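Architecture and fold: a report
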Amino acid sequence: MGRKGIIKIAVAGGLGHIGLVQAACLAEKGYLTVAFDSDQSKLLKAQQGQLPFIEAGLDELVIKNLRSERLQFTSDVDQVGEAEVVFVCVGTPSLPSGEADTSSVEAVVEAVARNRQKPCLLVIRSTVPVGTARRINGGLERMGLSGEVTLVSNPEFLREGSAVSDFNQPARIVAGAEDSLTAERVARLYALPQVPMVITSWENAELIKYASNAFLAMKISFINELSRLAGKTGCDIREIKRGVGLDPRVGPCFLDAGVGFSGPCLEKDLRSLICQFDHAGEKAALLQAVWDVNEGQRVRLIEKLERELGGLSGRKVTVLGLAFKPHTDDVRNSHSLPMIKRLLGKGARVTVQDPWLITPSRVDLGGAARDLEAVVWAKCPYEAATGSEGLLVLTDWPQYRSLDLVRLADLMKRPLVVDGRNLFDRAEADRAGLEYHGVGI
Ligand code: UGA
């Protein structure tokens with residue numbers, strides 16, 4: 001492989017949340033990087049520096065590297081064939097069975113196999129079930145390409161909203177391959193010598209990714225389970241989190257009780273991992289419980305609102321937060337969508353507000369668009385709360401934390417708040433005249 005600066009890299013799925021960060025950050029490191037995607041209209045916009053989603057720090061990086069011509073966008077598969085390293089960053093969504101759909105990964109492998117113009121490293125960043133790299137490698141061997149296309153499993157650990165800084169300051173780099181030198185070559189491409197590297201097998205790398213996301217999900221369900229007892233015994237789950245999280249063996253991260261986890265990764269990966277246990281003839285009792293607790297949180301919050309209001313039919317309900325977490329405009333698999341659907345199904349009149357998603361035209365609601373037609377979109381939380389009989393906080397946007405609770409109480413027809421993110425201070429909410437219900441407090 002040539003020296004840094006002349007290595008040509010292609011990123012398949014180059015307009016996705018992971019692929020675009022991967023491409024822009026590698027270009028910033030000096031590699032000639034081609035972001036490959038088949039979505040023509042998004043590609044045209046990206047070439048002008050207009051990105052398909054919001055991610056902190058990403059547009060500056062893209063614009064800078066487009067100008068320096070270290071970054072290019074393309075739908076021309078030949079350009080992928082010219083690359084010495086191809087990162088596969090395409091999605092692996094859940095199939096109805098819960099298994100991960102790896103067909104996009106396989107399509108990229110096939111395209112690389114057909115179009116390659118030189119030997120290349122094919123690096124799987126996408127989250128794929130254990131055994132996928134070995135299975136794909138078997139296919140390459142049967143095509144007589146094993147010396148030409150070398151597979152490496154290099155799972156990503158980027159969080160939406162902080163993906164650029166996560167890329168540049170990862171906690172670890174995991175790379176799995178048939179031989180450790182190849183895995184190390186890929187890990188060293190990131191040029192982060194201070195970051196611990198886990199050089200391992202394909203299978204271990206694949207499972208490390210699932211184990212990481214499942215462990216995070218488990219921490220959230222653990223604190224949510226405890227929140228039920230805390231709420232009934234006069235405890236405050238936030239104090240429990242503080243006291244437990246200060247133990248370095250536990251740590252404070254991912255211990256915020258609330259509506260539960262959602263988004264494009266944690267749920268999908270947990271479901272896929274449960275299916276992988278199933279295929280291996282093993283029961284994933286703990287993982288199934290993590291899932292069940294998470295589902296239960298959503299139901300419980302709506303039931304709370306319903307009980308307090310004596311039914312939801314005809315009630316005006318405000319939902320604060322559509323994105324699955326703050327600092328993103330991503331609503332893919334956001335908990336808010338099925339919860340709003342459930343509220344509508346019970347006859348509530350729903351108004352939503354999200355700081356970055358002000359009108360439905362700004363949101364890719366996918367299959368949920370039709371379900372949400374009846375929803376009213378408000379520009380600010382106060383407008384959303386006006387005349388409302390119940391307010392549900394579903395995303396922990398920092399802006400919501402500093403809302404004027406007195407004003408909120410004055411604007412609402414009934415000042416009932418079910419805070420699914422424990423954002424408001426109970427004493428302040430009481431003083432403001434809100435009927436306040438948090439999670440485990
Ligand atoms: C997650 C992982 O954190 C990343 O390491 C991983 O790379 C990524 O999935 C992936 O597989 O690509 P992300 O989906 O961006 O990242 O979001 P998280 O920050 O993990 O949050 C997931 C959900 O958990 C959100 O709904 C969040 O609100 C919720 N959460 C998080 C809680 O309910 N409580 C907490 O204490 C923390």
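Since the structure is predicted, the reported quantities are computational estimates derived from the model, not experimental observations. (Residues numbered from 1 in each chain as written. Predicted model: local features only at pLDDT ≥ 70, side-chain atom pairs only at ≥ 80, totals over all residues. Heavy atoms only, no water.)

1. Notes on the nonpolar core
In summary, soluble globular proteins display a tendency toward joint burial of nonpolar side chains. In this structure, Leu58, Val62, Phe73 and Phe87 are the most contacted members of the largest nonpolar core, which totals 68 residues. Ranked by residue count, the leading element in this core is helix H1 (residues 17-28), at eight residues. (Core = buried A, V, L, I, M, F, W, Y, C linked by side-chain atoms within 4.5 Å. Buried < 20%, exposed > 50% of the residue type's maximum accessible area, 1.4 Å probe, protein only. Helix = DSSP H or I, 4+ residues; strand = E, 2+ residues; numbered from the N terminus.)

2. Quick look at a negative patch on the surface
A surface patch of like charges, here negative, comprises Asp404, Asp410, Asp425, Glu428 and Asp430. By secondary structure assignment, the location of aspartate 430 is in helix H17 (residues 426-432). The partly exposed category is assigned to aspartate 430, whose relative accessible area is 43%. (Patch = residues over 30% accessible without salt bridge, like charges linked within 9 Å, V, L, I, M, F, W, Y side chains within 5 Å. Areas by Shrake-Rupley, 256 points an atom, 1.4 Å probe, with all protein chains shown as cover. Salt bridge = Lys/Arg side-chain N within 4 Å of Asp/Glu carboxyl O. Lys, Arg positive; Asp, Glu negative; His and termini not counted. Charge placed at Lys NZ, Arg CZ, Asp CG, Glu CD.)

3. Comments concerning the sheet that holds strand S9 (residues 316-320)
Sheets are built from strands paired through backbone hydrogen bonds, the pairs being either parallel or antiparallel. Taken in spatial order, the six strands make up an open sheet running S11-S10-S9-S12-S13-S14, and their pairing is parallel. Lying at the two open borders of the sheet, with one neighbouring strand each, are strand S11 (376-377) and strand S14 (435-437). Relative to strand S12 (residues 390-393), S9 runs parallel, the two being bridged by four bridges. When the bridges of S12 are listed, valine 317 appears paired with glycine 390. Across the sheet, helix H12 (residues 285-309) lies against S9, S12, strand S13 (416-419) and S14, angled at about 165° from S13, the strand it touches most. The strands that helix H13 (residues 336-345) touches are S9, strand S10 (349-353) and S12; relative to S10, the one it contacts most, it runs at about 155°. (Pairing = 2+ DSSP bridges. Contact = heavy atoms within 4.5 Å. Axes fitted to C-alpha atoms, helices over the stretch in contact; angles between N-to-C directions.)

4. A look at the environment of glutamine 79
Among the structural elements, glutamine 79 can be located in helix H4 (residues 77-81). Take glutamine 79: its relative accessible area is 16%, and that puts it in the buried class. In this structure the C-alpha to C-alpha distance between glutamine 79 and leucine 391, which are 312 residues apart in sequence, comes to 51 Å. Engagement of the side chain of glutamine 79 in a polar contact is seen with the side chain of threonine 74, the distance being 3.5 Å. (Polar contact = N/O pair within 3.5 Å; in protein donor to acceptor, adjacent residues only side chain to side chain.)

5. Some remarks on the side chain of glutamate 156
Relative to the helices and strands, glutamate 156 is located in the loop between strand S6 (149-153) and helix H7 (163-168). Reaching out from glutamate 156, the side chain makes a polar contact with the backbone nitrogen of leucine 158 at a distance of 2.8 Å. Among residues more than four places away in sequence, those in contact with glutamate 156 are Ile18, Arg125, Thr127 and Lys209.

6. Points about helix H3 (residues 58-67)
Within the sequence span of H3, burial applies to Leu58, Leu61, Val62, Asn65 and Leu66. Seen end-on, H3 carries its buried residues on one side only, within an arc spanning 125°. The exposed set on the far side of H3, more than 90 degrees from its buried face, consists of Glu60 and Arg67. Packing partners of the buried residues in H3 comprise H1, helix H2 (40-47), strand S3 (71-74) and H7. Immediately downstream of H3, the backbone of glutamate 69 shows phi near 65°, a positive value. (Arc of directions from axis to C-beta.)

7. Some points on the site of the ligand
For the ligand, the set of nearby residues contains 21 residues, the closest of which are Glu156, Glu160, Lys209, Asn213 and Asp256. Here an oxygen atom of the ligand sits 2.8 Å away from a polar atom, N or O, in the main chain of aspartate 256. Alone, the ligand offers 710 Å² of accessible surface; in the complex the protein occludes 93% of this. For the shell around the ligand, the element with the most residues is helix H9 (residues 202-232), which contributes four residues. Taken together, the residues of the shell around the ligand sort by class into 10 nonpolar, three polar and eight charged. (Near = heavy atom within 4 Å. Nonpolar A, V, L, I, M, F, W, Y, C, P; charged D, E, K, R; others polar.)

8. Digging into the confidence of the model for the protein chain
Across the protein chain, pLDDT averages 95, with 99% of residues at or above 70. Contacts for the low-pLDDT stretch residues 1-5, under 50 throughout, to residues beyond four places or in other chains number 13 contacts. (pLDDT = per-residue confidence, 0-100.)

9. Considerations on the pairing of strand S4 (residues 85-88)
The two faces of S4 match: Val85 and Phe87 on one face and Val86 and Val88 on the other face are all buried. Pairing analysis gives four bridges linking strand S1 (residues 8-12) to S4, with the strands arranged parallel. Within S4, the residue paired with alanine 10 across the bridge is valine 86. Strand direction decides the pairing type here: S4 and strand S5 (residues 120-124), joined by four bridges, are parallel.

10. Digging into the pattern of salt bridges
Applying the stated criterion across every chain yields a total of 22 salt bridges. Note that glutamate 156 is salt-bridged to lysine 209, the shortest N-O span being 3.0 Å. Remark: lysine 209 occurs in helix H9 and glutamate 156 occurs in the loop between S6 and H7; sequence separation between them is 53 residues. Like glutamate 156, the residue lysine 209 is buried in the burial classification. Measuring nitrogen to oxygen at the nearest pair gives 3.1 Å for the salt bridge that ties arginine 238 to aspartate 236. For arginine 238, a relative accessible area of 29% translates into the label partly exposed.

11. Notes on unusual backbone geometry
In this structure, glutamate 69 takes a positive phi of about 65° despite not being glycine. As for its position among the elements, glutamate 69 is in the loop between H3 and S3.

12. With respect to the packing of aromatic side chains
According to the stated counting rule, one finds four aromatic pairs in the structure shown. Judged by centre distance (5.5 Å) and plane angle (65°), the ring pair of phenylalanine 167 and tyrosine 190 falls under edge-to-face. Taken together, the positions of phenylalanine 167 in helix H7 and tyrosine 190 in the loop between helix H8 (180-189) and strand S8 (197-200) put the pair 23 residues apart, joining distant regions of the chain. In this structure, phenylalanine 167 and tyrosine 190 share a single accessibility class: buried. In textbook terms, an aromatic cluster arises when at least three aromatic residues are bridged by ring pairs, as seen for Phe87, Phe167 and Tyr190. The side chain of arginine 407 reaches across the aromatic face of tyrosine 382, ending 3.8 Å from its centre. (Phe/Tyr/Trp six-rings, centres within 6.5 Å; stacked < 30°, edge-to-face > 60°. Lys NZ or Arg CZ within 6 Å of the ring centre and 35° of its normal.)

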